[in-house]
Each structure stands twice: as C-alpha cells, then as structure tokens.
Amino acid sequence: MLVCLGLPGGLALLVFHYVPLLGNVIAFQDYQPYLGLTESDWVGVQNFSFLWDGNPEFRNALWNTVVLTVIQTVLVFPVPLALALVLNSLAGERLKRTLQSVLYLPHFLSWVIVVALFQQMLGNAGMLNTFLLQHDLPLFQVIGSPELFKALITSQVIWKDAGWGTILFLAAISRIDQEQYEAAAVDGAGARQRLWYVTLPALKGLIILLLILRLGSSLSVGFEQIILQQGPVGLQASEVLDTWVYNNGILGGNWGTSAAAGLVKGLVGVLLVIGANKLAHVFGERGVYEK
C-alpha cells in the first residue's frame, strides 16, 4: 500500500529530475537543435573554454554572482530567524497569526509583480520621487542605478521571501521543551538570556542545515528577478551566471556553452554541500546527513 502511494511521486521525481540529467551530454557537443543529441558533433571539453580563456563577460558574471551570494547570505539569511523570534515573543495569538499572514503574502507574488511594485514605488516617476518633487527636494534614483542594483535586488528578496522563511524556524521553536524556559527563569535568566542560552542553541542544528543547503544553490541568485531589471542598469552591474548562460547560450545559440556552465554550477554546488557537511561533522554537528 505504501509503495502504491509513493509510486506517483517517485515517477515524477524520475521523469522531471533524473531523466533530464541525460541532457548534460550537450556540454560535450556542438549541439544543434535540428540535429538532436545523436547527430550533433562531439567537441570534448571545448565548451568549457570559458573557464580558462579569460572570458571577461564570464568573469564579470562570476564576480557579480559571488558578491550577491555573499551579500544575501549575510543579510538575507538571518532575517527569517529574527522575524521568527519576534513573532514567537508576541503574546496575542490573533496578532501573531495576522502578522504571519501578512509576512507570508509576498512569497505568493510572481517576480513580475514584485518588480512592478518596486518600480511604482522607487522608479523615476514612482511614489518616492513624486513625493520629493512635490516638496522641492532632489530626486533619488534607485531603479536603473548600477551602484544601487545589488542593494535593490537584496531588498526585494528580503521583502518577498523573508516571511515565508520563518515557517521552519517557528516550527523548530514550537518543539523546544518549555520546561527549559521555566528552569532558566527560576535560575534568574531574563528574556535575553533565555533567548541566548535556550532558544538559539536549540535552533543551531536547523541553522547549520539551512546554511549548508543554501550553499548548494549559491551560484543561482535569481534569474527571473534579475533578467526583468537588467536593461536599465546594463550587463556590467547586473550580469550573473544564470543570465550569462541565457544571453550567451540560449539567445546566442551556444547551446553547448550554456549546458557546460550549468554542469559546472551543479558540480560546484554538490562539492560545496559535501565540504560544508564534512566541516559540520568536524564540529560535532549532524549537517545534512550523518557520517
């Protein structure tokens, strides 16, 4: 009975996740869509030449990707944890549920809508500049500014997904034994001390797990979000690996190059997850999987 229940999910996983892996053979071919996989010429590792030929466009895309990854790991990752701690500290259950619903809502909006909302608020003719113009104040250009692009991207990610990210932390907090809080209070621990010595240690395993999993997709920083806003700021400030693959591989017809870049990204993600997991084991943490 259990096998029958799990069969549809297993088939979906096989068809949509494992079978497409066979398409990575394109990375070693001069792939032509009208010839297909069987007739396209083999070129060995020629499609991976962007790794060693000093391609300035690729290096710029890689640099922007790494910078955005570091920024979002430092600034975006802690926000759901902080929100979960704040929501958990609220006394009123109705207020807590209302705030949760408000925070979850942006997650269900598409990036097209999110980008449009930010343009309406921060664009050259948006609400902010309209207010500044009405009060004879200098205009503040956010949308279309290369210098502020990474800050804009990061703020959009926080607004859209931080609330949704609180779900796991709230679930983990709800599983903490309340007797630990009571014992700490009896020993004279205040609210801040209970947070530091009870709540955060209980969440340490989950935090490490999420950080390790985040490393697996560290080279993917939001294709749809960035491609929608790439035009006004230019490629120098906005090009990342995903958009580089799209612009050079798909639009440029270099199918083998795009497949090679995707394969490299996948391998790097796997190596980062395995390495981070082994490092977690060194410090006595379980990580994604045990030894």
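These figures come from a predicted structure and were not determined experimentally. (Residues numbered from 1 in each chain as written. Predicted model: local features only at pLDDT ≥ 70, side-chain atom pairs only at ≥ 80, totals over all residues. Heavy atoms only, no water.)

K.L.:
Is there a simple way to explain empty space enclosed by the protein in this structure?
P.N.:
Per the stated rule, a full pass over the model turns up 1 cavity of 30 Å³ or more. Considering only enclosed or pocket space, the largest cavity measures out at about 40 Å³ in volume. If you trace the largest cavity, you find it lined by Gln 119, Ile 143, Gly 144, Phe 149, Leu 152, Gln 229, Pro 232 and Val 233. Of all elements in the fold, only α8 (149–174) and α12 (230–233) reach the threshold of two or more residues within the lining of the largest cavity. Looking at the lining of the largest cavity, its residues break down into 5 nonpolar, 3 polar and no charged. (1 Å grid on protein atoms, 1.4 Å probe; cavity = no way out; pocket = protein on both sides within 12 Å on 5 of 7 lines; lining within 4 Å. Points joined across faces, edges and corners; volume = space filled by probe spheres on them. Helix = DSSP H or I, 4+ residues; strand = E, 2+ residues; numbered from the N terminus. Nonpolar A, V, L, I, M, F, W, Y, C, P; charged D, E, K, R; others polar.)

K.L.:
Teacher, can you tell me more about the environment of Asp 136 here?
P.N.:
For Asp 136, the position within the fold is in the loop between α7 (127–134) and α8. A sequence separation of 67 residues divides Asp 136 from Thr 69, and the C-alpha atoms of the two residues are 38 Å apart.

K.L.:
What should I look at first to understand the side chain of Lys 96 in this one?
P.N.:
Along the chain, the position of Lys 96 falls in helix α5 (residues 93–104). Once you skip the residues sitting within four places of it in the chain, Lys 96 turns out to touch Leu 87, Asn 88 and Leu 90. (Contact = heavy atoms within 4.5 Å.)

K.L.:
Sorry, what's going on with the packing of α8 against helix α10 (residues 191–216) here?
P.N.:
Helix-helix packing: each pair is described by the crossing angle between the helix axes and the interaxial distance. Running from N to C, α8 and α10 point in directions that differ by 140 degrees, and their axes come no closer than 10 Å. Crossing hand, α8 versus α10: right-handed. For the pair α8 and α10, contact is made by Leu 168, Phe 169, Ala 172 and Ile 173 and by Thr 199, Leu 203, Leu 206, Ile 207 and Leu 210, respectively. Residue composition of the contact of α8 with α10, grouped by class: 8 nonpolar, 1 polar and no charged. (Axes fitted to C-alpha atoms, helices over the stretch in contact; angles between N-to-C directions. Left-handed = near helix turned anticlockwise from the far one by under 90°.)

K.L.:
Would you mind showing me how to read the layout of surface pockets here?
P.N.:
Any space left empty among the atoms is revealed by the rolling of a water-sized probe across them. The space that makes up the largest pocket amounts to roughly 850 Å³. Lining the largest pocket are 31 residues, with Val 76, Phe 77, Leu 210, Arg 214 and Ser 217 positioned closest to its centre. Secondary-structure elements contributing two or more residues to the lining of the largest pocket are α3 (56–75), α8, α10 and α15 (255–282). A per-element tally of the lining of the largest pocket places α10 first, with 7 residues. The residue inventory of the lining of the largest pocket, partitioned by class, reads 19 nonpolar, 9 polar and 3 charged. Within this model, the second largest pocket holds a volume of roughly 340 Å³.

K.L.:
Looking at this structure, how should I read the nonpolar core?
P.N.:
Core analysis: the largest hydrophobic core is formed by 15 residues, its most contacted members being Ala 27, Phe 50 and Trp 244. Per element, the largest residue contribution to this core is 4 residues, and it comes from α15. Each residue touching Ala 27, except ones within four places of it in the same chain, is listed here: Gly 44, Asn 47, Phe 48, Gly 256, Ala 259, Ala 260 and Leu 263. (Core = buried A, V, L, I, M, F, W, Y, C linked by side-chain atoms within 4.5 Å. Buried < 20%, exposed > 50% of the residue type's maximum accessible area, 1.4 Å probe, protein only.)

K.L.:
So what exactly am I meant to see when it comes to α10 here?
P.N.:
With 26 residues, α10 extends 35 Å from end C-alpha to end C-alpha; this agrees with the ideal 38 Å at 1.5 Å per step. When the local axis directions of α10 are compared, the greatest deviation, roughly 45 degrees, occurs at Lys 204. All buried positions along α10 are accounted for by Val 198, Thr 199, Leu 203, Leu 206, Ile 207, Leu 210 and Ile 212. Close packing links the buried residues of α10 with α4 (78–89), α8, α9 (178–186) and α15. (Expected span 1.5 Å × (residues − 1). Bend = angle between axes of the 7 residues up to and from the residue.)

K.L.:
I tried to follow the packing of aromatic side chains on my own but got confused; where do I start?
P.N.:
Any two aromatic rings considered together are summarised by their centre-to-centre distance and by the angle between their planes. Throughout the structure, instances matching the rule amount to 7 aromatic pairs. Considering the side-chain rings of Phe 118 and Trp 159, the 6.0 Å spacing of their centres and the 80 degrees angle between planes classify their relative orientation as edge-to-face. Highlighted residues: Phe 118 in helix α6 (residues 111–122) and Trp 159 in helix α8, separated in sequence by 41 residues. Residue Phe 118 is classed as buried on the basis of its relative accessible area of 7%. (Phe/Tyr/Trp six-rings, centres within 6.5 Å; stacked < 30°, edge-to-face > 60°.)

K.L.:
Is there a simple way to think about a nonpolar patch on the surface in this case?
P.N.:
On the surface, Leu 7, Leu 11, Leu 13, Leu 14, Val 15, Phe 16, Tyr 18, Val 19, Leu 21 and Leu 22 cluster together into a nonpolar patch covering about 1000 Å² of accessible area. Considering the arrangement of structural elements, one finds Val 19 in the loop between α1 (2–18) and β1 (29–30). Taking the relative accessible area as the measure of exposure, Val 19 reaches 44% and is therefore partly exposed. (Patch = residues over 30% accessible without salt bridge, like charges linked within 9 Å, V, L, I, M, F, W, Y side chains within 5 Å. Areas by Shrake-Rupley, 256 points an atom, 1.4 Å probe, with all protein chains shown as cover. Salt bridge = Lys/Arg side-chain N within 4 Å of Asp/Glu carboxyl O.)

K.L.:
What am I meant to see in the environment of Trp 164 here?
P.N.:
Considering the arrangement of structural elements, one finds Trp 164 in helix α8. As a C-alpha pair, Trp 164 and Ser 101 span 63 residues in sequence and 9.4 Å in three-dimensional space.

K.L.:
Just checking my understanding: could you explain the pattern of salt bridges for this structure?
P.N.:
Between side chains of opposite charge, a pair can form as their charged atoms come close. Using the criterion set out here, one finds 2 salt bridges in the structure. Asp 161 is the partner of Lys 160 in a salt bridge, and the nearest nitrogen-oxygen pair spans 3.9 Å. Residue Lys 160 is classed as buried on the basis of its relative accessible area, which comes to 7%. Notably, a salt bridge pairs Asp 242 with Lys 265, separated by 2.3 Å at the nearest N-O pair. You can see Asp 242 sitting in helix α14 (residues 241–250) and its partner Lys 265 sitting in helix α15, a full 23 residues away along the chain. Given a relative accessible area of 17%, Asp 242 falls into the buried group. Overall, Lys 265 belongs to the buried group, its relative accessible area being 16%.

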